Amino acid sequence: MRLTEKQQEIYEELFVRYPVLEKNREAILKAYEVLETCYRTGGKLLVAGNGGSCADAEHIVGELMKGFKKRRPLDETLQCCLAMEDTKHGAELARSLQGSLRAIALDGHPGLSTAFANDVDADMIFAQQVCGYGDKEDVFLGISTSGNSKNVDYAVTVAKAKGLSVIGLTGKDGGLLGKRADVAIIVPETETFKIQELHLPIYHALCLMLEEAFFEE
């Protein structure tokens, strides 16, 4: 997959600003290719993590489901349909709503999560959601600083069983996630907060590159 000039600029800037990530260059590009293919074929992204990685999962969804740096106006057909459907508010909706790259953070469903934790097994909450939401065109992105989070690992098992691609974002020696993911981005740090500090610029770059691929303005 060939990057556009702007995508290449985003990609290279990541390593200028964070030279420690140079060793992850190939994995980051492979992760991007998996994500672009997912969206080109009508798939969606499922993201999960714990603690700070839970916040990162929500952050990623926020960058994909609305404009990041671009406005992402809706296509004209949908704008017209909105205006026709609601003559009072439709035009405002058409102007305000933005194009999305479909993404779901699996931590964000407290009713389902607490019910499943109470009735079945708290460690399998992410796995249950991958089982329910996941289609073979989708990608599961597991975030774990150690790579050994049990609930993320269970979700990986379900994702692979259902034919989803799996991207791992981790650190230290990669743990189980580093071994099992189709693409593993293992940042070169061992302390949790330092690993998380390097995860953010990586997923920002990926989100920017995806936005560049799918939206003109």
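What counts, and where the lines are drawn
Residues numbered from 1 in each chain as written. Predicted model: local features only at pLDDT ≥ 70, side-chain atom pairs only at ≥ 80, totals over all residues. Heavy atoms only, no water. UniProt positions renumbered as here; feature names shortened; annotations may be inferred. Helix = DSSP H or I, 4+ residues; strand = E, 2+ residues; numbered from the N terminus. Salt bridge = Lys/Arg side-chain N within 4 Å of Asp/Glu carboxyl O. Buried < 20%, exposed > 50% of the residue type's maximum accessible area, 1.4 Å probe, protein only. Phe/Tyr/Trp six-rings, centres within 6.5 Å; stacked < 30°, edge-to-face > 60°. Lys NZ or Arg CZ within 6 Å of the ring centre and 35° of its normal. Pairing = 2+ DSSP bridges.

**Student:** Report on the UniProt feature "domain: SIS" (unreviewed entry) in the chain, specifying residues and quantitative values.
**Tutor:** In the numbering used here, UniProt assigns the "domain: SIS" (unreviewed entry) feature to residues 35–216. With 53% helix and 13% strand, residues 35–216 has end C-alpha atoms that lie 18 Å from one another.

**Student:** Requested: an account of the pattern of salt bridges, with residues and values cited.
**Tutor:** Charged atoms that come close allow side chains of opposite charge to pair. For the coordinates displayed, the defined rule picks out 14 salt bridges. With a shortest N-O distance of 3.2 Å, Glu26 and Lys30 are connected by a salt bridge. Here Lys30 and Glu26 lie together in helix α2 (residues 25–40), a separation of four residues that amounts to about one turn. A relative accessible area of 42% means that Lys30 is categorised as partly exposed. With its nearest N and O atoms 2.7 Å apart, the salt bridge here joins Asp138 to Lys44. Of this pair, Asp138 sits in the loop between α7 (125–133) and β3 (139–143) while Lys44 sits in the loop between α2 and β1 (45–49), and the two are 94 residues apart along the sequence. Take Asp138 and Lys44: they sit in the same class, and that class is buried. Shared partners join several salt bridges into a network, and the residues in it are Glu12, Glu22 and Arg25.

**Student:** Before we move on, could you go through the packing of aromatic side chains and cite the residues and values that matter?
**Tutor:** For any pair of aromatic rings, the description rests on two quantities: the centre-to-centre distance and the angle between the ring planes. Tallying each qualifying case throughout the model produces two aromatic pairs. Aromatic pair Tyr11 and Phe15: ring centres 5.0 Å apart, planes at 90°, arrangement edge-to-face. With Tyr11 and Phe15 both in helix α1 (residues 5–17), this residue pair falls four residues apart, about one helical turn. Judged by its relative accessible area of 5%, Phe15 falls in the buried class. Aromatic pair Tyr39 and Phe214: ring centres 6.1 Å apart, planes at 75°, arrangement edge-to-face. Taken together, the residues span a long stretch of sequence, with Tyr39 in helix α2 and Phe214 in helix α10 (residues 192–214) at a distance of 175 residues. The aromatic ring of Phe15 is capped on one face by Arg25, whose charged end is 4.2 Å from the ring centroid.

**Student:** How would you summarise the pairing of β1 if you had to cite specific residues and measurements?
**Tutor:** Of all five residues making up β1, five are buried, and the element is well covered by its neighbours. A two-sided burial pattern is seen for β1, the buried positions comprising Leu45, Val47 and Gly49 on one face and Leu46 and Ala48 on the other. Across five bridges, the pairing between β1 and β3 is parallel. When the sheet's bridge partners are listed, Leu46 is paired in β3 with Phe140.

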